[in-house]
Amino acid sequence: MTTTKLLKTAGLVAVLAYASSASAQDDSQLVINGEIEMITEVATQDYIGGLKTAYSGWRFRNSDMQAMQLDDFENPAAIAVDEGLASWSKVDGSEGKSCASCHEDLEASMAGVRAVYPKWNEEAGAVMTLASQINNCRTEQMGAEAWKYDGTEMTGMEAVISLQSRGMPVNVAVDGPAHDAWLKGEEIYYTRYGQLELSCANCHEDNADNYIRADHLSQGQINGFPAFRLKTGGLVQVQNRFKGCIRDTRAETFKPGSEEFVALELYVASRGNGLSVEAPSVRP
Amino acid sequence: MADNVKPKVRVPKTASAGEVITLKTLISHPMESGQRKDGDGNLIPRSIINRFTCDFNEQNVIDVTMEPAISTNPYFEFEAIVPETGAFTFTWYDDDGSVYTEVQEITVG
Amino acid sequence: MKFTRRETMLMALGATAATMLPGRAMADVDEKVAEFTGGAEIGEGGLTLTAPEIAENGNTVPIEVSAPGAVSIMVLATGNPTPGAAVFNFGPLAGAQSASTRIRLAKTQNVMAVAKMADGSFVQVSQEVKVTIGGCGG
């Protein structure tokens, strides 16, 4: 169809227009609060075919935006984190429990958790994301209603839990029982979607560090999620971001929480194995 | 009153007499500019915090008139002289008449 | 090149809009400045405005103003529909006549600061901030 062809051409031109003038991402060091040293660049594992070095999205931002992440007080996610902290110890549901009822010490019980999710859950017989695990606790342990998968309660809680792993390397398992989901995620990553017929890889592997119109394309790493987006003025859930990307290809997208997006989250997380957990990060 | 308005301030715990310290403040507020439209195309009325003040022992440090170009969740960073032990009072004034206050003590040693 | 009547009319409309809108915003800016200075002459120097050359998103643009010895500093987003951002009035316990905040910019424009000095004189400075409108809505 002519329209599709036109759109495709336009998209391609936009991607290529800046290809020659693209600046390499800088080599700044991310140290948060003057003490937590973050790994923003790491060699990828052998199973990641198309990518030799993983860079955190932070490395693709300009210095003003990078600065917002250096100090927790200047990170605009601070407010959402406070709200997440409040809901950590807030009793909800028929069992009269809060998160803190079972996981007494937030720091001790949640350290390292964000780094290994999504992960296989034997009982569920499926890969679970941090969000689905949080909702599982709510419905099964607390007798509370599940939160909206990518709503503000969820992103606030994810941020609070992620903070306990901040600085630790992402380390999701791609083998064993999670392998099927990982393979499915990899397939989705390289599948072209939408009228624009773009795959994740077209922008974030083939053209990372180039510009798509005015946007400096990153590798689409997710170690910083949930991320505070200046665009929306709030925390964005990683699968909500996937949805936005796929929608921008003018496709019908998968839903946050769907099997497809869970698989994709696992695969994309594995592309950044070794990068520090950076959530909540600040992105445009 | 806008929902869930929470102030946050960062003040050092101690200082030496006459020291100049950096203060940072953040408050959760949508700062609705009065320029946006809702889903039905109706203009969303302006609702912002229009003034912020910081005082130390009832002497003024800074008094800010705020207008719609200030971003959501207003952030300020500025410097203050600490002449003696005392308390910083931070006050935000909402268009709707609400007033939000935060007090932080500092010891001069 | 030939235009249809419809295209011509749209262009005329566009041209009118282009001349009218900035005109209105500029009038607001002039009014704000006049209100602040009381019509006094405005000089230069002694006032610094730090703002990014390019803002990746106009919603949250960090800026800093500093004018040693100033009584107050006004900040205007000259290209916004309502250009007012803030007026910082410094009290006796201000450690410096400087402040940082975050502002929103509707588009690429000049950010302007005007300072009232202790002797009643005024200085101004402005800087262009390019606001990029991302294609990746998400």
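Residues numbered from 1 in each chain as written. Chains lettered and ligands numbered in written order. Predicted model: local features only at pLDDT ≥ 70, side-chain atom pairs only at ≥ 80, totals over all residues. Heavy atoms only, no water.

So what exactly am I meant to see when it comes to the interface of chain C and chain B here?
Many descriptions give the size of an interface as the accessible area lost when the pieces come together. On the chain B side, the residues contacting the 29 residues of chain C number 29 residues. When residues of chain C are sorted by the area they lose upon contact with chain B, Leu93, Arg102 and Arg104 of chain C head the list and together hold 32% of the total. One can count one salt bridge joining chain C with chain B. With a closest N to O distance of 2.6 Å, Glu67 of chain B and Lys32 of chain C form a salt bridge. Linking chain C with chain B are 20 residue pairs in polar contact (both at pLDDT 80 or more), by the criterion used here. Listing elements by their share of the side of chain C that touches chain B, those giving two or more residues are strand E6 (84–90) and strand E7 (94–103) of chain C. The leading source of residues in the side of chain C that touches chain B is E7 of chain C, at nine residues. In this sheet, E6 of chain C lies alongside strand E5 (residues 59–66) of chain B in antiparallel orientation, the contact comprising five bridges. When the sheet's bridge partners are listed, Val64 of chain B is paired in E6 of chain C with Phe88 of chain C. (Contact = heavy atoms within 4.5 Å. Buried area = accessible area lost by both parts, 1.4 Å probe. Salt bridge = Lys/Arg side-chain N within 4 Å of Asp/Glu carboxyl O. Polar contact = N/O pair within 3.5 Å; in protein donor to acceptor, adjacent residues only side chain to side chain. Helix = DSSP H or I, 4+ residues; strand = E, 2+ residues; numbered from the N terminus. Pairing = 2+ DSSP bridges.)

Mind showing me how you'd approach the interface of chain B and chain A here?
Each side of the interface is counted separately: chain B has 13 residues, and chain A has seven residues. Interface area for chain B against chain A, summed over the two sides, is near 980 Å², with a carbon-plus-sulfur share of 60%. The interface formed by chain B and chain A includes five salt bridges. The residue Lys24 of chain B makes a salt bridge to Glu74 of chain A at a minimum N-O spacing of 2.5 Å. Counting across the interface, chain B meets chain A through five residue pairs in polar contact (both at pLDDT 80 or more). Elements that contribute at least two residues to the side of chain B that touches chain A include exactly strand E1 (7–10), strand E3 (19–27) and strand E6 (75–82) of chain B.

For this particular structure, what's the right way to read the pairing of E6 of chain B?
For a regular strand, side chains alternate in direction, first toward one face of the sheet and then toward the other. Taken together, the eight bridges between E3 of chain B and E6 of chain B define a ladder with antiparallel strand orientation. Paired with Thr22 of chain B across the bridge in E6 of chain B is Glu79 of chain B. Pairing between E6 of chain B and E7 of chain C: four bridges, direction antiparallel. Directly across from Phe78 of chain B, in E7 of chain C, lies its bridge partner Ala99 of chain C.

Help me understand the packing of helix H11 (residues 238–248) of chain A against helix H12 (residues 259–271) of chain A in this model?
When two helices pack together, their arrangement is given by the angle between the helix axes and by the axis-to-axis distance. All names here are of chain A. The contact between H11 and H12 brings their axes to 10 Å, and the two run at 100°. With respect to each other, H11 and H12 are oriented roughly perpendicular. Across the interface between the two elements, Val238, Gln239, Phe242, Lys243 and Ile246 from H11 touch Phe261, Val262, Leu264, Glu265 and Val268 from H12. Here the contact of H11 with H12 is built from residues that sort into seven nonpolar, one polar and two charged. (Axes fitted to C-alpha atoms, helices over the stretch in contact; angles between N-to-C directions. Parallel < 35°, antiparallel > 145°, perpendicular 65-115°, else oblique. Nonpolar A, V, L, I, M, F, W, Y, C, P; charged D, E, K, R; others polar.)

Looking at this structure, how should I read the packing of aromatic side chains?
For any pair of aromatic rings, the description rests on two quantities: the centre-to-centre distance and the angle between the ring planes. Residues and elements named next belong to chain A. One pass over the full model with this rule turns up 15 aromatic pairs over all chains. Arranged with centres 5.8 Å apart and planes meeting at 85°, the rings of Tyr193 and Phe254 form a pair that is edge-to-face. Of the two residues, Tyr193 is situated in the loop between helix H9 (179–189) and helix H10 (200–204) and Phe254 in the loop between H11 and H12; the sequence distance between them amounts to 61 residues. By relative accessible area, Phe254 is classed as partly exposed at 21%. (Phe/Tyr/Trp six-rings, centres within 6.5 Å; stacked < 30°, edge-to-face > 60°. Buried < 20%, exposed > 50% of the residue type's maximum accessible area, 1.4 Å probe, protein only.)

Honestly, the domain arrangement of chain A in this entry has me stumped. Any pointers?
Residue and element names in this part refer to chain A. Once the domains are mapped, chain A shows domain 1 (3–74 + 168–283) and domain 2 (78–163). Taken over C-alpha atoms, the centre of domain 1 sits 24 Å from the centre of domain 2. Counting residues at the interface gives 29 residues for domain 1, matched by 22 residues for domain 2. Of the roughly 2,000 Å² buried between domain 1 and domain 2 on both sides combined, carbon and sulfur atoms contribute 68%. For domain 1, the biggest contributors to the area lost against domain 2 are Pro177, Leu235 and Gln237; these three give 26% of the whole. Taken together, the links from domain 1 to domain 2 amount to six residue pairs in polar contact (both at pLDDT 80 or more). Counting residues per element, the ones that place at least two in the side of domain 1 that touches domain 2 are strand E10 (234–236), H11 and H12. If one sorts the elements of the side of domain 1 that touches domain 2 by residue count, H12 sits on top with four residues. Taken together, the residues of the side of domain 1 that touches domain 2 sort by class into 19 nonpolar, seven polar and three charged. (Domains from an automatic or database assignment.)

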